[in-house]
Amino acid sequence: RMLWRTTATVRTVAFTPHDGGAYVAAGTSDGLVRFGAILGANNATAAPTKIDAHRGAAVLDIAFHPRGALLATLGADGYVRCWNTEEKQLPLLWEVRVPGATRPSSSNDDDDDDDDDDDD
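Residues numbered from 1 in each chain as written. Predicted model: local features only at pLDDT ≥ 70, side-chain atom pairs only at ≥ 80, totals over all residues. Heavy atoms only, no water.

**Overview of the overall build of the protein chain**
Then step 1. Secondary structure assignment for the protein chain yields zero helices and eight strands.
Then step 2. Order of helices (α) and strands (β) in the protein chain, N terminus to C terminus: β-β-β-β-β-β-β-β.
Then step 3. Going through the 120 residues of the protein chain one by one, you find that 39% of them count as buried.
Then step 4. The long-range fraction of contacts in the protein chain, counting pairs at least 24 apart against all pairs at least 6 apart in sequence, stands at 35%.
Then step 5. About 7400 Å² of surface is accessible on the protein chain, with carbon and sulfur atoms providing 47% of the total. (Helix = DSSP H or I, 4+ residues; strand = E, 2+ residues; numbered from the N terminus. Buried < 20%, exposed > 50% of the residue type's maximum accessible area, 1.4 Å probe, protein only. Contact = heavy atoms within 4.5 Å. Areas by Shrake-Rupley, 256 points an atom, 1.4 Å probe, with all protein chains shown as cover.)

**Considering the nonpolar core**
Then step 1. Ranked by internal contacts, the top residues of the largest apolar core, which has 14 residues, are Ala25, Val33, Phe64 and Leu71.
Then step 2. Elements represented by at least two residues in this core include exactly β2 (21-28), β3 (32-38) and β5 (59-64).
Then step 3. Setting aside chain neighbours within four positions, we find Leu71 in contact with Ala25, Val33, Ile62, Ala63, Phe64, Arg81, Cys82, Trp83, Thr85 and Leu90. (Core = buried A, V, L, I, M, F, W, Y, C linked by side-chain atoms within 4.5 Å.)

**Describing the environment of Val98**
Then step 1. Position of Val98 relative to the elements: it lies in the segment after β8 (92-97).
Then step 2. Between the alpha carbons of Val98 and Gly78 there is a distance of 5.4 Å; along the sequence they are 20 residues apart.
Then step 3. Not counting chain neighbours up to four residues away, the residues in contact with Val98 comprise Gly78 and Val80.

**Some points on the sheet that holds strand β7 (residues 79-84)**
Then step 1. One open sheet accounts for four strands, arranged β5-β6-β7-β8; its pairing is antiparallel. Every other strand in the sheet has two partners, leaving β5 and β8 as the edge strands with one partner each. Sheet twist, expressed as the average angle between the axes of neighbouring strands with direction ignored, equals 15 degrees.
Then step 2. The sheet contact formed by β5 and strand β6 (residues 70-75) spans five bridges and is antiparallel. When the sheet's bridge partners are listed, Ala63 is paired in β6 with Ala72. (Pairing = 2+ DSSP bridges. Axes fitted to C-alpha atoms, helices over the stretch in contact; angles between N-to-C directions.)

**Here's the deal with the sheet that holds β3**
Within a sheet, adjacent strands bond to each other through the backbone by hydrogen bonds, running parallel or antiparallel.
Then step 1. Pairing within the open sheet is antiparallel, and its four strands lie in the order β1-β2-β3-β4. The open sheet has two free edges, formed respectively by β1 (10-18) and β4 (49-52), since each of these has just one partner strand. If you compare each strand with its neighbour and ignore which way they point, the axes differ by 15 degrees on average.
Then step 2. Pairing analysis gives eight bridges linking β1 to β2, with the strands arranged antiparallel. Across the sheet, the residue bridging to Val13 is Ala26, located in β2.

**A closer look at the pairing of β7**
Then step 1. Across five bridges, β6 lies against β7 in antiparallel orientation. Directly across from Leu71, in β7, lies its bridge partner Trp83.
Then step 2. Hairpin connection between β6 and β7: a loop of three residues separates the two successive antiparallel strands, and Gly78 in this loop has a positive phi of roughly 90 degrees.
Then step 3. The sheet contact formed by β7 and β8 spans five bridges and is antiparallel. Looking at β8, one finds that Arg81 is bridged to Glu95.

Set out below in structure tokens:
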């Protein structure tokens, strides 16, 4: 069964056993995290949840706590956020800014326009 559709690029996926089934979460380039129960989990009939985890900044990585009750996300906005998977809307529990965890620059970025100043 399909949990969700997206036109954004899926950048990271995490999977964890939980309550006799399993949870899956996917982070996308548009800052959204999609979360759902699969494989016979107690709430497998519930609709998958979608949260704007990083307010439009790409989700770079996600990970479940070993017991499945928490989901951590790292976004290109430089924040790590922790979500409660035990509640339907995945409420935010805490967030912390991580120095250096920012949007990766593309190879087309021209930060140094001075590189070609070798006019003799």
